[in-house]
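Per-entry structural report
Take a look at the letters that make up each chain.
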Amino acid sequence: MALASLAFATASPLARVAVGISPIAVAAGRTAVAAVAIVVARPRHVANAWRALSSRHRWALAGAGLLLAAHFALFLEGLHDTSFPAAVALVSLEPLSVVLMAWAVFGIRPRGGEAAGVAVASLGALVVASGAGQGEHRLVGDVEVLLAVVLFGGYVAAARGLRDAMPSLPYAAGVYGVASVALLPFAAVLAQGMPAPPDMTWGAIALLGLVPTLIGHTLVQNASRRVSPSLVALVSPGETVGSLAIGAVLLH
């Protein structure tokens, strides 16, 4: 989870570098890069795992991919519509979403210390949201990020729920592939009439696909199969602190 936090911390700064293209296109690109990377690296492993899936599990895999697509789309739109510090600070609400979803779906109740930590994160997110309207900070962007936070809990729960259905790498490739396919039509519509983005945008999307998506999200999915939801949720405060540090240095 520590490594996943470091990988996640690069996501928001890289997304801010990807200019001249819609946030939906950025989301579609990063998931496509991650899916292709896994399929190219382990084609037979992925194909065999997909063929072995039952019809019910295929639908569940598709649902997990749609959850990730909506999560990425909403978060990147929110990052575009509000201030950088506000968006990455509101990510600290994700532990609340992860813990509550695990409790609702799997009956895993948070312990006292875990509940206290979630309460602190939630209070901090409310303090951040109270600054909406100052500078680049906008309430509409905050709401988009908060919706993305809610979906993150469902996405983590889906990874845990399918842990016995298929290995982690084929699962990740399927989730990223479904997300990319779902987002591409919207990205194509939004790209009409827009000029070609600069070269640095394509480099940023490639890095988004390889670092926070392929490394970060795949590690989160893998951890979701093995450890408690509260531990998995620690990736979010780590992402917030790391993103703020990178943004302060590189984006001023």
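This is a predicted model, so every value here is computed, not measured.

What to know about the pattern of salt bridges
One pass over the full model with this rule turns up one salt bridge. Here Arg111 ties to Glu114 by a salt bridge, and the two come within 3.0 Å at their closest N and O atoms.

Let's talk about the confidence of the model for the chain
For the chain, the mean per-residue pLDDT works out to 91, and 100% of the residues sit at or above 70. Predicted confidence in the chain is weakest over helix α8 (residues 112-129), with a mean pLDDT of 81, and strongest over helix α3 (residues 23-41), with 97.

Focus on the nonpolar core
Membership of the largest hydrophobic core comes to 61 residues, with the highest contact counts inside it found for Phe152, Tyr171, Val175, Tyr176 and Val220. The biggest single contributor to this core is helix α5 (residues 55-81), with nine residues.

Observations concerning the packing of aromatic side chains
All told, the structure shown has one aromatic pair when counted by the stated rule. Judged by centre distance (5.9 Å) and plane angle (50°), the ring pair of Phe152 and Tyr155 falls under tilted. Of the two residues, Phe152 and Tyr155 both sit in helix α9 (residues 139-161), three residues apart, roughly one turn of that helix. Residue class for Tyr155 comes out buried when judged on its relative accessible area of 1%. Geometry around Phe72 places Arg30 over its ring, the cationic atom sitting 3.9 Å from the centre.

Topic: unusual backbone geometry
Phi at His252 is positive, roughly 55°, even though this residue is not glycine. Among the secondary structure elements, His252 is positioned in the segment after α13 (235-251). For His252, a relative accessible area of 81% gives the class exposed.

Calculation notes
- Residues numbered from 1 in each chain as written.
- Predicted model: local features only at pLDDT ≥ 70, side-chain atom pairs only at ≥ 80, totals over all residues.
- Heavy atoms only, no water.
- Salt bridge = Lys/Arg side-chain N within 4 Å of Asp/Glu carboxyl O.
- pLDDT = per-residue confidence, 0-100.
- Helix = DSSP H or I, 4+ residues; strand = E, 2+ residues; numbered from the N terminus.
- Core = buried A, V, L, I, M, F, W, Y, C linked by side-chain atoms within 4.5 Å.
- Buried < 20%, exposed > 50% of the residue type's maximum accessible area, 1.4 Å probe, protein only.
- Phe/Tyr/Trp six-rings, centres within 6.5 Å; stacked < 30°, edge-to-face > 60°.
- Lys NZ or Arg CZ within 6 Å of the ring centre and 35° of its normal.

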